[in-house]
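Understanding the architecture of this molecule
This is what each chain is made of:
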Amino acid sequence: MKVIELNKKATAANDRDAEELRRKLQARDVLLINLMSAAGSGKTTLISRTIRDLEGKASIGVMEADLASEVDAEAIEALGARSIQVHTGGCCHMDASMTRQSLEAFGAESGSIVFLENVGNLICPAEFDTGAHLKVMILSLPEGDDKPLKYPLMFAESDALIITKMDAAPYFDFDLEAAKRRALALNPSIKIFPVSAKTGEGMGEWEEWLMSRKKELMRKH
Amino acid sequence: MHEMGIIINLAETLDDTAREEGLTNIARVTLQVGEVSGIMTDLFEDCWNYFKKKHPVLSESRLVLETIPAVTYCSSCEKTYETVKYGRECPYCHSGETWLVQGNECVIKEIEAE
Ligand SMILES: Nc1nc2c(ncn2[C@@H]2O[C@H](COP(=O)(O)OP(=O)(O)OP(=O)(O)O)[C@@H](O)[C@H]2O)c(=O)[nH]1
Ligand SMILES: [Mg+2]
Ligand SMILES: [Zn+2]
């Protein structure tokens, strides 16, 4: 018997699976986006609006991860977009091998954008790399501007932060500048998009960024 | 359940390690777990004892858990302090602009194997 020092993350196997999935998707020009937020922040609504706004410009598919229900996938299909409901079987997050299996069942179209709507919570999904090219998180106004302080890992890990339900600003004391400052302190390169998925305010900038990241991915090979 | 997701990955990571290092039997796994990682140690050990049986190199192994203390950083006065003792408010300047810098991790420190 010998002692071997490892100092390796317990989830290192997941990181390896994620890296492999990312490369495979990239070879087919599929941009995978891991969309994360607390329950009810507005993930499904944001995806629905984005699909409608980008109709004719991008082919978008959606994988709805949920502990058990089907309602989110039904909402997306009502828009004519392709979607699949993934049940995590009680697991509080998606990992890379669950994502790979879901993608195989889904059969993502080459050249498309695929949203993975992760399980609604701000803790566990931040800890597992799904193999997505981009991590996007949503914070909605009613949740409060102190969330970056409470869930630092999620903010530190995300490429973009969408602050949604801006149309409700008159009814909440959400301090947009404070939220931005706190998020940037944890992650200086995070892109921040204040939007309302209801009125469409600010959606253009987010969609432009999304399309530019799509082009960038396709240029890489 | 968060513990299960981590254990499944941990077992796989150890399988990979055994393959890379040519090991056939891992007797001990020492894991460092952050104080506020949210991992419940009892549940974690139960999960481990269940999943290790599915991996021949791990079936005889013992899991040893060490705690990594949680540390919070205050962006107002730039000091750090013990998270569990003081919580979210900085004990030096009473600012609430603080966040966790250590104590959320789950790291395989070392294994004993042949
Ligand atoms: N006013 C307003 N309401 C919104 C906006 N976006 C979402 N909502 C509402 O917020 C509620 C939750 O939205 P969903 O899109 O279902 O949220 P979700 O994050 O997908 O929820 P889960 O999948 O259950 O975690 C719904 O009643 C939406 O109509 C917005 O921009 N403005
Ligand atoms: Mg939803
Ligand atoms: Zn302080």
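Our structure's up above, just so we're on the same page.
Residues numbered from 1 in each chain as written. Chains lettered and ligands numbered in written order. Predicted model: local features only at pLDDT ≥ 70, side-chain atom pairs only at ≥ 80, totals over all residues. Heavy atoms only, no water.

1. Looking at the side chain of T98 of chain B
Tracing the backbone shows T98 of chain B in strand β5 (residues 98–102). Within the structure, the side chain of T98 of chain B is placed 2.6 Å from the backbone oxygen of R88 of chain B, a separation counted as a polar contact. Leave out the neighbours within four places in its chain, and T98 of chain B touches L149 of chain A together with T72, Y73, C74, Y81, R88 and C90 of chain B. (Helix = DSSP H or I, 4+ residues; strand = E, 2+ residues; numbered from the N terminus. Polar contact = N/O pair within 3.5 Å; in protein donor to acceptor, adjacent residues only side chain to side chain. Contact = heavy atoms within 4.5 Å.)

2. Some points on the pattern of salt bridges
A full pass over the atoms with the stated rule returns 22 salt bridges over all chains. Where R100 of chain A meets E104 of chain A, a salt bridge forms, and the shortest distance between an N and an O atom there is 3.5 Å. With R100 of chain A and E104 of chain A both in helix α4 (residues 96–106), this residue pair falls 4 residues apart, about one helical turn. Overall, the relative accessible area of 32% leaves R100 of chain A in the partly exposed class. Taking the shortest distance from any N to any O, the salt bridge between E112 of chain B and R28 of chain B comes out at 3.0 Å. Separated by 84 residues along the polypeptide, E112 of chain B in strand β6 (residues 106–113) and R28 of chain B in strand β1 (residues 26–34) bring together distant segments of the chain. We classify E112 of chain B as partly exposed; its relative accessible area is 24%. What you see here is one network of salt bridges that share partners, running through R16 and D17 of chain A together with E12, D16 and R19 of chain B. (Salt bridge = Lys/Arg side-chain N within 4 Å of Asp/Glu carboxyl O. Buried < 20%, exposed > 50% of the residue type's maximum accessible area, 1.4 Å probe, protein only.)

3. Examining the interface of chain A and chain B
Between chain A and chain B, the contact holds 32 residues from the first and 33 residues from the second. Here chain A meets chain B over a buried area of about 2,800 Å², counting both sides, of which 55% is carbon and sulfur. Looking only at chain A, the three residues that lose the most surface to chain B are M1, A10 and L149 of chain A, adding up to 24% of its buried area. Counting every contact that joins chain A to chain B gives 5 salt bridges. Residues E97 of chain B and R182 of chain A are paired through a salt bridge, measuring 2.3 Å at the closest nitrogen-oxygen approach. Across the contact surface, chain A and chain B share 15 residue pairs in polar contact (both at pLDDT 80 or more). When residues in the side of chain A that touches chain B are grouped by element, the largest group, 8 residues, is from strand β1 (residues 2–9) of chain A. The pairing of β1 of chain A with β6 of chain B spans 6 bridges and is antiparallel. Residue pairing in the sheet places I4 of chain A in a bridge with I111 of chain B of β6 of chain B. (Buried area = accessible area lost by both parts, 1.4 Å probe. Pairing = 2+ DSSP bridges.)

4. Thoughts on the sheet that holds β5 of chain B
Residue and element names in this part refer to chain B. The antiparallel open sheet is built from 3 strands, whose spatial order is β4-β3-β5. Each having just a single partner strand, β4 (80–82) and β5 make up the two edges of the open sheet. Neighbour to neighbour, the strand axes of the sheet diverge by 40° on average, direction disregarded. Taken together, the 3 bridges between strand β3 (residues 71–74) and β4 define a ladder with antiparallel strand orientation. Each bridged residue has a counterpart across the sheet, and for T72 the counterpart in β4 is Y81. (Axes fitted to C-alpha atoms, helices over the stretch in contact; angles between N-to-C directions.)

5. What to know about the environment of A11 of chain B
Residue and element names in this part refer to chain B. Structurally, A11 is set in helix α1 (residues 2–21). Residue classification places A11 among the buried positions, given a relative accessible area of 1%. Each C-alpha atom of the pair A11 and E105 lies 17 Å from the other, and the pair is 94 residues apart in sequence.

6. Some points on the coordination of the zinc ion (ligand 3)
The zinc ion (ligand 3) binds to the protein through C74 of chain B (SG), C77 of chain B (SG), C90 of chain B (SG) and C93 of chain B (SG), with metal-donor distances spanning 2.3 to 2.4 Å. Owing to a relative accessible area of 25%, C77 of chain B belongs among the partly exposed residues under this scheme. (Donors = N, O, S within 2.8 Å, 3.2 Å for Na, K, Ca; no water.)

7. Focus on the site of ligand 1
Residues and elements named next belong to chain A. Neighbouring ligand 1 are 15 residues, the closest being K43, T44, T45, D167 and A197. T45 is positioned with one of its side-chain polar atoms (N or O) 2.5 Å from an oxygen atom of ligand 1. The separation between an oxygen atom of ligand 1 and a polar side-chain atom of E117 is 2.9 Å. Alone, ligand 1 offers 650 Å² of accessible surface; in the complex the protein occludes 68% of this. The element contributing the most residues to the shell around ligand 1 is helix α2 (residues 43–53), with 3 residues. Counted by class, the shell around ligand 1 contains 2 nonpolar, 7 polar and 6 charged residues. (Near = heavy atom within 4 Å. Areas by Shrake-Rupley, 256 points an atom, 1.4 Å probe, with all protein chains shown as cover. Nonpolar A, V, L, I, M, F, W, Y, C, P; charged D, E, K, R; others polar.)

8. Describing the packing of α1 of chain B against helix α2 (residues 41–51) of chain B
Residues and elements named next belong to chain B. Where α1 meets α2, the axes come as close as 9 Å, and the angle between the chain directions of the two elements is 45°. In terms of axis orientation, α1 runs oblique to α2. The handedness of the crossing between α1 and α2 comes out as right-handed. Contacts between α1 and α2 pair E3, M4, I6, I7, I8, L10 and L14 from the former with L43, F44, C47, W48 and F51 from the latter. (Parallel < 35°, antiparallel > 145°, perpendicular 65-115°, else oblique. Left-handed = near helix turned anticlockwise from the far one by under 90°.)

9. Looking at the coordination of the magnesium ion (ligand 2)
Residues and elements named next belong to chain A. Only T44 (OG1), D72 (OD) and E117 (OE) from the protein reach the magnesium ion (ligand 2) as donors, at distances of 2.1 to 2.2 Å. Counting gaps between the donor residues of the magnesium ion (ligand 2) yields the pattern T-x27-D-x44-E. Of the two residues, T44 is situated in helix α2 and E117 in strand β5 (residues 113–117); the sequence distance between them amounts to 73 residues. Grouping residues by exposure puts T44 and E117 together as buried.

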